Amino acid sequence: MGLLALGTALDWPDAQKRAQQVREWGIKQLLEIWNKAKYKERDAMLWGDEVEYLVVRYSNEAPKVLLSLRQADILKALAADEELATKGGGVPDLQVVKPQGSNPLPVFHPEFGRFMLEATPGKPWGIGFKELLDVESDMKTRRRIAKEHMESEEYPITLTTFPRLGVPGVFTDPYYPPSGPKLRSQFVPDEIANPHIRFPTLAANIRWRRGRKVQVNVPVFHDVNTPNPWKDPTVNYDLHNWPEDDDVRNGAAPDNFIHMDGMVFGMGSCCLQITFQAKNITEGRKMYDQLSPLGPIMLALTAATPIYKGFLADTDVRWNQISRAVDDRTAEELGEKVSTVLDNITKTPSANEHQPLKESRWRIPKSRYASNSTYISTDPRLRPEYFDPNLVIDESIKAQLLEGGMDDLLATHFAHLFIRDPIVIFNEDLEELDLTKADHFENLQSTNWQHMRFKPPPAGSDIGWRVEFRPMEIQITDFENAAFSVFMVLITRAILSFDLNFYIPIVKVDENMETAHARDAVLEKKFYFRKNPFPNRTPRSTVGSNANSPIASRPATPVSPVEDEYALMTVDEVINGSKSEEHDFPGLIPIVESYLDSVNVDVQTRCELSTYLDLIRKRASGELWTAAKWIRHFVASHPTYKRDSVVDDEITKGLVSAVIDIGEREQAGRGWKGLNVPELARLLGQFRGGCGSNGVKRSSDEIN
Ligand SMILES: Nc1ncnc2c1ncn2[C@@H]1O[C@H](COP(=O)(O)OP(=O)(O)OP(=O)(O)O)[C@@H](O)[C@H]1O
Ligand SMILES: N[C@@H](CCC(=O)O)C(=O)O
Ligand SMILES: N[C@@H](CS)C(=O)O
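Residues numbered from 1 in each chain as written. Chains lettered and ligands numbered in written order. Predicted model: local features only at pLDDT ≥ 70, side-chain atom pairs only at ≥ 80, totals over all residues. Heavy atoms only, no water.

Enquirer: Help me understand the packing of aromatic side chains in this model?
Expert: Here a ring pair, both rings aromatic, is described through the centre-centre distance and the interplanar angle of the planes. Considering all chains together, one arrives at 20 aromatic pairs under this definition. Arranged with centres 5.7 Å apart and planes meeting at 70 degrees, the rings of Phe 414 and Phe 441 form a pair that is edge-to-face. Taken together, the residues Phe 414 in helix α13 (residues 408-417) and Phe 441 in helix α14 (residues 439-445) connect sequence positions 27 residues apart. Like Phe 441, Phe 414 is buried. Between Lys 508 and the ring centre of Tyr 528, over which it is positioned, the NZ or CZ distance is 4.4 Å. (Phe/Tyr/Trp six-rings, centres within 6.5 Å; stacked < 30°, edge-to-face > 60°. Helix = DSSP H or I, 4+ residues; strand = E, 2+ residues; numbered from the N terminus. Buried < 20%, exposed > 50% of the residue type's maximum accessible area, 1.4 Å probe, protein only. Lys NZ or Arg CZ within 6 Å of the ring centre and 35° of its normal.)

Below you can see the structure in the form of C-alpha cells.
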C-alpha cells in the first residue's frame, strides 16, 4: 500500500512541469534521512506480512459471482469497531490506541481495486520462533474479522485475480458501465478503482504520460478447441468515446493475446509481501541483495494466476501483467518511434538503441513495476560482473547523493529509481520543502514497484532500515500464506547466520523472472542459480556444531569466472537440493533445517515449523500443486468447459464457491475430507502434517 497523501492532484501536463522539483526535494529528504539514520544500530529483528484479498459477492441462488465494490463501507465498518480499535487493530489513523500488548488485533488497509482489502498483523512480528506459529492463526483472525464486517453474501477470498474482471456485461456489484475519463478502459468502469485521489490519478497520469492506454496483453492458452490464430472476442474495435479508443485500431490487441487496457488488470491482483527490519543499514543491504535471486523462484513456487478476463492464459503468474498495467514509458522511452523492426509480440516497432532521443532523457528497458535492477550491498563478494552494465541512472541525482555523503552503490540504486517521473503530485505539497517529512522521496520510492524494496527509516520515527520481499502470489489458504511467510523468515535468518551467498548476475535474475511465467514453471523450467552458496571462509562455529550440516561439510571455493558460479536448476533442485556432475547444491530447505539445528528450538515448535517447510518442499517436488495448476484443473474438469479456453460465469461461480468452502473449512479447522472439489487433495490441505505431543507427525487421515 503506497503513500496515501491528500490534496489537489495535478493532471499530467502540470505534474510533468513540477517533476524535477519533486525529484530534487525527494533527494534532499532522502539525504536528510540518510544522514540521520546511516549509523542507526541494533534495531530489533522485526518482520511483517501483508495479505491482499478480493471481496466477492456470492450466493448459491445468484447465477453469477460478482466483485463487491464496497471496500470503503467495509473499511468504515472496521474503523467503527470499538473493540477492534481498543485491541490495537482496525484501520490505521483511526485506531483508538496504537497497537499494544503481545497480540494486538490486525490492521486493515485499502488497495488499488475498489474490490480489494489488505490486512497486516496489528504490530510487526518479533524474533521468537514461537511467534512464527502465531502467523497462521493471525491470518485466520484477519479473514474472520474482515468477513464479520461484510454483508452476509460478501466474502474475502485470496485468489490473485478475479477470473471475470473486464468481461462484457456485469461483473461488479453495483454495476457501472465502462468507460470513464480516468482509465478510459473499454472493459472496466472508473469506479473499479479505489476512489482515493491517489489511485484514479495514478491510472490517468500513467496513461497520459504514456500517450495511450496501457497494453496488458497476456498469451491465451490454446486448448484443443481454441481457434488458432485466436482473436480476443471481447475487444470492440468500433468505439469512439475517447481518443484512446484508437489504440486497438492501431494494433494494441494482437492475435493470440488476451487484451486488457487498464491499471486495474494489474494492480487489481493480490500478493503476499514480507517486510524485514534489519539491525542496521549494512545488514539491510545484504538482505536486499541476497533475497533478490530468490524472487523468481518464489514467484514460480507460488504461481496462482492462470485466468484473465474470462480466458485461460498461457502463463501462471501475475507479474508481467502488473508490470504492463503501470507501464508509463513513452514510445520514445520504449525505443519505438523510428525503428522499422516489429516486435514479435506487440507488432509495434521494437527498441532501437541508436535512434536519437527528442523528448525523453533516456530509453528505459523496464516498467516501473519490474524485477530490481541493481545490487546495493557493501559485501566484498559482490563482484562487478554481477551488475547490469546498461543500468540507466540519473547522473545528476547520483552526483547530489555522492556530494551528500552517500556511497556509490546506494547512490546508484536511488539514482536509478529517480529516472522515473513522480506520477501523483499534490499542489499543496509544492509550496515549501519540509525536511522533517519524506513525502517527495516516498512519492518516487512507492511508485517504483520492484520485486525487492529497500525502505529507509520513515522520517521522524524510530523504525529501522527495512527490506520488502514482493514477488509472491497470494495463496488460497492461510496455511499456505503462513507457510510461505515463515519460510521467507527462516531463509532470511539462515542467510544472515551462515553468511550465505546467492549472488548471480542481476540480468540472470531478470531472465529468471520471465522464466517463472511459464505454465507450471515450478516443474517444467530451469532457473539460473548459484551453485555454491557458502561463504569463502570457515563457517561460523554455531554451524560446525552439527556434523551432518550441509554447511559444515563445504570446502571454501576459490574465485572463479562468474559463468562458472551458477547453473540452470529446477525449482526442486533449488529448494530440495541436487547432486549432479555439474553442481552439488544443498537446497534451501536443507539449509533452513541446518539453521534450525544450529539454534535452540524446542521439539514441538520445530515440528510445527516443519509442517510449513513440508509444503514448500512438496510444492517444489510436484507432490503438491500450485494454485495455478489446481485452478486449471478445476476449469478443465468442469462440465460446462468446452476446451476452448473460455472460463464462463458458471465455472467462475463454481471456482469461487470452492475457494469460499476451503476458507470456511480452514476457519472451522475441519480439514478437507469429503469436500466436493476435484483433486482438492492435491492442492495441499490433505497433506498437511500435524504434531502430536511427542512431536511425531500425524497422518493426513487423522487431521481430517
Ligand atoms: N519496523 C518494522 N519492521 C518490520 N516490519 C514492519 C515494521 N513496521 C511495519 N512492518 C510491517 O511491514 C508491513 C508493511 O507495513 P505498511 O503497510 O505499514 O508499510 P508500507 O510502507 O505501507 O508498505 P508497502 O511497502 O507495501 O507500501 C506490515 O506487515 C507491517 O507489519
Ligand atoms: N498488489 C500488488 C502490489 C501492490 C503494492 O505494491 O502494495 C501485487 O500483486 O504485486
Ligand atoms: N497499492 C499499491 C499499488 S497502486 C500502491 O499504492 O502503490
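Enquirer: Got a minute to help me understand the confidence of the model for the chain in this structure?
Expert: Detailed reading of the predicted model is not advised wherever pLDDT is low. Per-residue pLDDT for the chain has a mean of 90; in total, 87% of the residues score no lower than 70. In this model, residues 94-99 is a region of pLDDT below 50 whose contacts with residues beyond four sequence positions or in other chains number 13 contacts. Here residues 537-555 scores under 50 on pLDDT; set against residues more than four positions off or in separate chains, the count is 28 contacts. Among the prediction metrics, the complex's ipTM stands at 0.97, with pTM recorded as 0.93. (pLDDT = per-residue confidence, 0-100. Contact = heavy atoms within 4.5 Å.)

Enquirer: For this particular structure, what's the right way to read the site of ligand 2?
Expert: Around ligand 2, the structure places 12 residues, and the nearest of them are Glu 52, Ser 269, Arg 318, Tyr 369 and Arg 470. Note that an oxygen atom of ligand 2 is positioned 2.7 Å from one of the side-chain N or O atoms of Tyr 369. Notes on ligand 2: free accessible area 300 Å², of which the protein chains cover 97%. Comparing atom positions with the cavity grids shows ligand 2 to sit within the largest cavity. Here the shell around ligand 2 is composed, by residue class, of six nonpolar, two polar and four charged. (Near = heavy atom within 4 Å. Polar contact = N/O pair within 3.5 Å; in protein donor to acceptor, adjacent residues only side chain to side chain. Areas by Shrake-Rupley, 256 points an atom, 1.4 Å probe, with all protein chains shown as cover. 1 Å grid on protein atoms, 1.4 Å probe; cavity = no way out; pocket = protein on both sides within 12 Å on 5 of 7 lines; lining within 4 Å. Sits in = over half its atoms within 2 Å of the grid points. Nonpolar A, V, L, I, M, F, W, Y, C, P; charged D, E, K, R; others polar.)

Enquirer: So what exactly am I meant to see when it comes to the packing of helix α12 (residues 395-403) against α13 here?
Expert: Between two packed helices, the angle of one axis relative to the other and the distance separating the axes together describe the packing. Following both chains from N to C, one finds α12 and α13 inclined at 140 degrees, their axes separated by 9 Å at the closest point. The way α12 lies across α13 gives a crossing that is right-handed. Where α12 approaches α13, its residues Ile 397, Lys 398, Leu 401 and Leu 402 are matched on the opposing element by Asp 408, Ala 411, Thr 412, Phe 414 and Ala 415. Tallied by class, the residues present in the contact of α12 with α13 amount to six nonpolar, one polar and two charged. (Axes fitted to C-alpha atoms, helices over the stretch in contact; angles between N-to-C directions. Left-handed = near helix turned anticlockwise from the far one by under 90°.)

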